[in-house]
Each structure stands twice: as C-alpha cells, then as structure tokens.
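As a plain string of letters, each chain reads:
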2 protein chains.
Amino acid sequence: MEMDGRKRKILDAIIRNYLETGEPVGSRTISRYTDLHLSSATIRNEMSDLEEMGFIVQPHTSAGRIPTDKGYRLYVNSIVETKMQKTEAMTSLMIYRTNRLEEMLKQVVRLLASMTNYTTMISAPSYRGSKVKFIQLSRLGPRQLLNVVVIEGNIVRSHIIDLVTDIDEETVYRLNMLLNSKLSGLTLMDINLGLISSMKEEAGSHAEVVSDVLDTIADVIRAETDEKMQIYTSGADNIFRYPELADSTKARKLISTLEEKSVLVDFVKETRERESQGETGIQVYIGDEGPVEDMKDCSVVTASYDLGDGLTGTIGIIGPKRMDYEKAMRNLKEMKKSLDNLFGGASAREPTGPGDRDAPANAGAAAGANGAWPGAGSGKPEDGK
Amino acid sequence: MEMDGRKRKILDAIIRNYLETGEPVGSRTISRYTDLHLSSATIRNEMSDLEEMGFIVQPHTSAGRIPTDKGYRLYVNSIVETKMQKTEAMTSLMIYRTNRLEEMLKQVVRLLASMTNYTTMISAPSYRGSKVKFIQLSRLGPRQLLNVVVIEGNIVRSHIIDLVTDIDEETVYRLNMLLNSKLSGLTLMDINLGLISSMKEEAGSHAEVVSDVLDTIADVIRAETDEKMQIYTSGADNIFRYPELADSTKARKLISTLEEKSVLVDFVKETRERESQGETGIQVYIGDEGPVEDMKDCSVVTASYDLGDGLTGTIGIIGPKRMDYEKAMRNLKEMKKSLDNLFGGASAREPTGPGDRDAPANAGAAAGANGAWPGAGSGKPEDGK
DNA sequence: TGTTAGCACTCGTTATGTTGGAGTGCTAAC
DNA sequence: GTTAGCACTCCAACATAACGAGTGCTAACA
C-alpha cells in the first residue's frame, strides 16, 4: 500500500490530536480538525488503511485510533527533517552561578524538567579522554599520604592513603618524580592495569608503597567507568501528569527505574554509540526502541553535550509516548547548545574578566570561577502549567 | 475518662490489626483477636470510649475504627518503653567494602529500604565540628594554584584557584606557612568570615592572592552548611505498596518532596535539635508532628549516627502512618549501631591491616572528590554581565 | 473511481438501582 | 459490668440500563 500525502496528513492530525488529549481519536474529529474537508467516512477508510500499514491501532473495537511506535517514529522523523533545520536562537540558561559542577548539573536538569513538564536526566561528564596533568603525594603522617590527581579540564581527585609501613619525606619526593614522569600526559584510558603492574615492578625497594599508591590511582580510574557514572534526574513527579503512566503499577516501575539510575546509563551508552556511528544531534527512543525494558511505555529524547576538554555527557527527556516531541527536541537542543558553549565555546569567549583565560586547560575553572555564564539573563520556562 | 489496662489492650489490638491490613477494624474482629474474651458489644463500648478520648476515629459512620496520630503516638511510646530496652544483637552490615563514602551511604540507604519496604533517607555526615588538619597550596602554573584542605576525619576538599597576577614558588611556600599556622586546629565553624577578613589585612604585599585563597576556603565552609547538605534516598517506589499513599495526588507530592531533598533537611535539623535537648536514640514523627507539610500522611522514624571524629548524620525511614513501628525502629537502631561502629568504635580501632583502614580513609577522599570541581570563586566575581 | 450519507452494530463509560455484609448505637435482660 | 439482640447506616460489589463515540459496510452520488 502506498503512503500518499493525504494519508500522511491524516496520520499527522491523528498523532497531533492524540498528543494533546491522550484519548483515542476518531474519524469525525479528524474530519473537522484538518483542512482536508473530507467526511468522516472517507477518513475512516483512510484510517483503516493506516491501521493496516501499522501506523495506528485501536485499543479496542469501536474506539478511536492511537499511534503505534511506528507511527510516532514517522512523526518524529518528519519533525527532524522539516522543523529542526531552522534552529531557533538559543534561549539563555537561567542557571545561577554555582561553584560546583554537580550543582550545575542538578540545576540544568531541574530547569529542563520545569521547562518541559517531563522527567529529565543528565549524566555527569566523563573524561575518559582527558590527560593526567599533575600528580602529587603529600605526607600527612608517618603512615599516611594525601594523593591528589589533577586531570585536564581541572578535574581534581584526591584520596588519602594509609600505609602499612612508615614512609619518609625523601621517599615521597622520589615517588612524586616517578609518578609524574610516568603518568602525566597520559589519558585515564591509557593508564590501564597493565601499565600499573609494570610500574609496580620497577618500583624496587618501595614496591609496597608504590603499590598502594597505584592501586589508589587505579581506583580513581575505575570509579570513572560507566558503571559508576553519575546520573541526575529531576521531575520524576511529572509522570503523574500523564494518566497512562500514573497507574500505580507503571508509576512504581518507573520511579524505581529512575531511582536506580544505573539502568539509565544504558541510554547514555546507546546515545554515545549512535553518535559515534555518525548519527548526530538529537536521538529519539520510542517505546521499545530504547534499551530499558521497564521504560517501554515511555519515549526518551537524548542529546550529547560537550563541555570541552573531552568532557562529554548526555542529557535526556523522559516522557510518555505522546510527548510533545517537537518541543522536547527544541528544548533539548537549546540546552545542549548552552552546555556546549558553557566553558567558552570558541565564539562565546569573553575577553573581559579577571581570570587568565588563555590556557585552554584554564577555561573550565576560569569560566566557572568568574561566573561568566553565557548570556545569564532572561529566559523563561515556556508554558508552565 | 481513665485509661485502664483493658482499654489499652484493645487499643493495641486495633492498632496492630490496622498496621497489618490497612483496613478499618471493627469490634467483632477485636473480640476474637485478643485474649480478653469479650463480646463485640463490650468492645464497642470500649471503642466508643477510646474514640471519645481521641485515640481512634471512624473514617465514616458505621465503619471500623482507625488510629489517630495520638493513638499511634501512644503505641510508639509503649514500644520505646518496653521492647526497646533489650536491644538485640547487631546484625552485621551487608555492605560491600567500598571506597567512597558516597557509595557507602547509598548502599546503606538502599539496604535499609529493602529490609523495611519503606522509603529511606540518609544525610551525608556533616563535619562542622571537625578541625582543619592540613592546608596545602600547590602551584600548577604561573597563575594557577591547587588548594587542598584536609579536615579531621580525613575529609579532603580541593579546589583550583585562578589568579589575576602571577605567583612564584617562594610566595606559595610562604602562603602555606601562613595558612597552616593560622588555621590548622580550628574547626570549620571557628573559621568564620571575620577571621578571614582579618587575615586578609595581615597578608600585606600578597593581599590579593591571600584574598583569593581565603575566599576559596570560605567557599568550602559555606558549601558545608545545612542548605547544601547531601541527602540520599531510596525505595521511593515503596510508597506504592500502601494504597493510602499511592493515589496519584499524594504520590506525586511525595515523590516530588523526596526528589527535592532540601525539605528533608528539616528532618535532619529537627532530629539534631531534639537530640541536643536530651532526647536520644530513635525519634518518631507521626503525621503532623514532622516539620514537612507535604508529609503529613506519613510517619518518619529517624536516628542520628556518628562515624567518629565529629562526623554525624541522620538516617531515617519514611512510611505510612500504619508503618510497622516496631520493626522500623529495630532496623534503624541496628543500622545506627553499625554505622557508629563502622570506622572503629573504640574496640574496633586496632589496625588489623590496610584493608580495614582503607575504608575510612577513602571515604574521606570521596567527599573530597565531590568538591574537587573547579569553580571556587577566584576572588573577583565581577559578574560577566 | 473516489466520495459521501446512512445505518446497524460494538463496546466502553456512566448512571442507577439492588443487595449483602460489616459495623455501629442503643436497649433490655442477665 | 457484660452480653444478646435489633434497627439502622453506609460502603462495596454487582447487575442493569442508557448513552455516546466510533466503526464497518453498503448503496447512492458526482
């Protein structure tokens, strides 16, 4: 069967109507909703065809039609093709100046939730590609060391190491030399367990201490793997806006899934995967298309963001299948843009401000410290209600 | 009206039965449920009295009775008096050895949720009473410093500071001396803004640098105030086990409250408050008794834990009013004990090997990792716009 | 050949009884 | 003081009916 323009229009009308009401939509509604000026009978015929083609279904006999995943997919694709080309101007972020990336992420995700009235998620940026800049051991006591690792992008990780044997300042000094010469400049991915064990051998007389230190560093690396990826969510209560998700069985599963953020990592992975395969921009997972079984009644829209210095993460919107895809994608796109530019996207650098912005590695800290959020100013959640 | 033993037994029976079923309980049920061997008619008379006294109510005429907050309160008090005296042996924590305090807290709260089938919360330990142990500035570049603050209990906070003017190693060294001599040994509460500003004056030629550094430290302190207190929750989906909380309006409010963890801080504060007033052990908030308006259909059971070194926090169980108070209090008490002993209750302090000591040390580091993100103000927050 | 009007039919929703049971309060008898 | 009995209330469950939305089909029409 062929998909002609009229069928297309009718399908669009059905979906759009269903997005608004959440109720199955009948032929009569469409007959007047569209500018096609067709009688309900004709529409019925077409709907019958569309059902046969798999774009819509009846929840039960003699009810209106609702879109299938396949129908949604077509709709989303058409949005991507048409509307998304003319990207609108970025609305500026209403993010208060904060000191911590963590707070910033929470605010972003909260803002997005209040803008869209959907549940939202964001993954903390992972910096697998970033290089080790500086390692320092300090002696806190005869058997206690402070280990600080600074990574490109000015990420700092610090641990305290308790030793079994005493250690003196001299040894600490030599260890510092060894660690910096061996490890700086390498990415966290480069510092694999193989390298670490070979370094342990080289360590000679202080093998034990080195071993402890390296184990700690290995912990740092391990802590940044996918399994431990930090994910923040917001607006979980929004699912109660949509009756089809709000019945207690489904809601419970969803809440549980959102709380157990580990499964959300699958969306981050999947998004990263797709992006690496050339698909770029906004990803849409409709129902079963997503990697998470318990979210098959939902659609998820995701995008990757890039803070620079290899710090990339994923931000997403989770809603019912009848979510307002267009708005969601628009909001997400804007948010992505804001994040991409946060720490000095090439065009967004402002030469004003006290900080030394020249060194690229500086950008993150400088921007954050000086509160030079791009376009801090107006920008309202659209359509609160 | 007097509260005699029989009334007491009947009230107990009513409450216990209601805890199990969630349904209003009638006189006939009680007549057989108890070992009083009274007819339903007699029970009815007594129930009528109990209602007059305010311990139970009828949800509607000719329904059974359900406990009021006052009734619950009496019941809880009786548990405290009788059962809780013989504290049972602590069941050992099924917590995997983890490197990060954060992970540990999440596991605790998850474990407690799965044990009780209620929603649970835990506040990250605050260390307001802890002393500064060690401050270190390291020079990363001509205008960039790494600032590490170690606090008693091996909490580490590190920030990167971007300066407006260049700084040399010599100055960094002198600054280190100044900071350590002035600040170590003081608690975070002692280091108030007054002290900081007086130090700024003393700084002399490097006033600007000192100012930057001290501002950063001030930020660290500020970041540890109540408003920023970290709270973890788990088992939010458990509210759907209890129909009286699961209708979409209430559930939505609750989910929203749990997500917006900031209001949960009120429970932490309240618990701390009560403890400082001599009340000790387990706190129970029934309905309105708690500080949070949106949780008036819930009861909350809380306890403080103490990891040692002044690191104290609060752990709590959130459930319906008909929660199994006895079990909740028991579980909470055990969990509290486990936490109190975790990092070496007096007896457990022996250094039995590096493994044991790892936990506390790294726990601190984890907290440090959180604060490791750049963005502690570099001093001159001229707002970019 | 495509479009439309009309009609019978289905099915979910809502409103309206109807009934049974659980529970109460009251009273009188033990 | 306790109990049995009775009338009454009210909820929950069920059945029934009315209604409306929507469909599929057929026949008529342009």
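The structure contained in this document is the topic of the report that follows. Since we're looking at a predicted model, the values are computed, not measured.

About the cut-offs
Residues numbered from 1 in each chain as written. Chains lettered and ligands numbered in written order. Predicted model: local features only at pLDDT ≥ 70, side-chain atom pairs only at ≥ 80, totals over all residues. Heavy atoms only, no water. Phe/Tyr/Trp six-rings, centres within 6.5 Å; stacked < 30°, edge-to-face > 60°. Helix = DSSP H or I, 4+ residues; strand = E, 2+ residues; numbered from the N terminus. Buried < 20%, exposed > 50% of the residue type's maximum accessible area, 1.4 Å probe, protein only. Pairing = 2+ DSSP bridges. Axes fitted to C-alpha atoms, helices over the stretch in contact; angles between N-to-C directions. Near = heavy atom within 4 Å. Polar contact = N/O pair within 3.5 Å; in protein donor to acceptor, adjacent residues only side chain to side chain. Nonpolar A, V, L, I, M, F, W, Y, C, P; charged D, E, K, R; others polar. Contact = heavy atoms within 4.5 Å.

What follows concerns the packing of aromatic side chains. Enumeration over the complete set of coordinates arrives at 9 aromatic pairs over all chains. A ring pair is formed by B:Tyr118 and B:Tyr242, whose centres lie 5.6 Å apart and whose planes are at 25°; its orientation type is stacked. Here B:Tyr118 is found in the loop between helix H5 (101–116) and strand E3 (119–123), whereas its partner B:Tyr242 is found in the loop between strand E7 (231–234) and helix H9 (243–246), with 124 residues between them in sequence. Residues B:Tyr118 and B:Tyr242 agree in their burial class; the two are buried. Consider the rings of B:Phe267 and B:Tyr285, whose centres lie 5.3 Å apart with planes at 80°: the pair is edge-to-face. With a gap of 18 residues between them, B:Phe267 in helix H11 (residues 265–276) and B:Tyr285 in strand E8 (residues 282–286) connect regions that are remote in the sequence. Counting every residue linked through ring pairs, the aromatic cluster contains A:Tyr72, A:Tyr75 and A:Tyr325.

Another point: the sheet that holds strand E9 (residues 298–308) of chain B. Residues and elements named next belong to chain B. What the 5 strands build is an open sheet, ordered E7-E3-E10-E9-E8; its pairing is antiparallel. Both outer strands of the open sheet, E7 and E8, are each paired with one neighbouring strand and no more. When strand polarity is set aside, the average angle formed by the axes of neighbouring strands in this sheet is 20°. Here 4 bridges tie E3 to E7, and the two strands are oriented antiparallel to one another. Each bridged residue has a counterpart across the sheet, and for Thr120 the counterpart in E7 is Ser234.

Another point: the protein's contact with DNA strand C. For DNA strand C, the set of nearby residues contains 19 residues, the closest of which are A:Arg6, A:Thr42, A:Thr61, A:Ser62 and B:Ser27. Near the protein, meaning within 4 Å, the atoms of DNA strand C are sugar or phosphate in a fraction of 77%, with bases accounting for the rest. A:Arg44 places a polar side-chain atom, nitrogen or oxygen, 3.3 Å from a base oxygen of DNA strand C. Those elements giving two or more residues to the surface near DNA strand C turn out to be helix H3 (40–53) of chain A together with helix H3 (40–53) of chain B. When the residues that make up the surface near DNA strand C are grouped by side-chain class, the tally is 4 nonpolar, 11 polar and 4 charged.

This part is about the side chain of A:Ser299. Residue and element names in this part refer to chain A. Note that Ser299 resides in strand E9 (residues 298–308). Judged by its relative accessible area of 0%, Ser299 is buried. When residues no more than four places from it in sequence are discounted, the contact partners of Ser299 are Tyr285, Ile286, Gly287, Ile317, Ile318, Gly319, Pro320, Lys321, Met323 and Tyr325.

Further remarks concern the protein's contact with DNA strand D. Inspection of the region around DNA strand D gives 20 residues, with A:Ser27, B:Arg6, B:Thr42, B:His60 and B:Ser62 positioned closest. Close to the protein, within 4 Å, the atoms of DNA strand D are drawn from sugar and phosphate at a rate of 81%. Contact between DNA strand D and A:Arg65: a phosphate oxygen at 3.1 Å from a side-chain N or O atom of the residue. The backbone of B:Ser39 places a nitrogen or oxygen atom 3.4 Å from a phosphate oxygen of DNA strand D. Put simply, the parts of the chain that give the surface near DNA strand D at least two residues each are H3 of chain A together with H3 of chain B.

All names here are of chain A. Strand order in the open sheet made by the 5 strands is E7-E3-E10-E9-E8, with antiparallel pairing throughout. Only two strands of the sheet have a single neighbouring strand rather than two, namely strand E7 (231–234) and strand E8 (282–286). Between one strand axis and the next, the sheet turns through 20° on average, direction left out of account. Pairing between E8 and E9: 5 bridges, direction antiparallel. From the neighbouring strand, Tyr285 faces E9, where its bridge partner is Val300. Helix H11 (residues 265–276) contacts strand E3 (119–123), E7, E8, E9 and strand E10 (311–320) of the sheet and is inclined by roughly 125° relative to E8. Contacting E3, E8, E9 and E10, helix H12 (residues 325–342) crosses the sheet at an angle of about 15° to E9.

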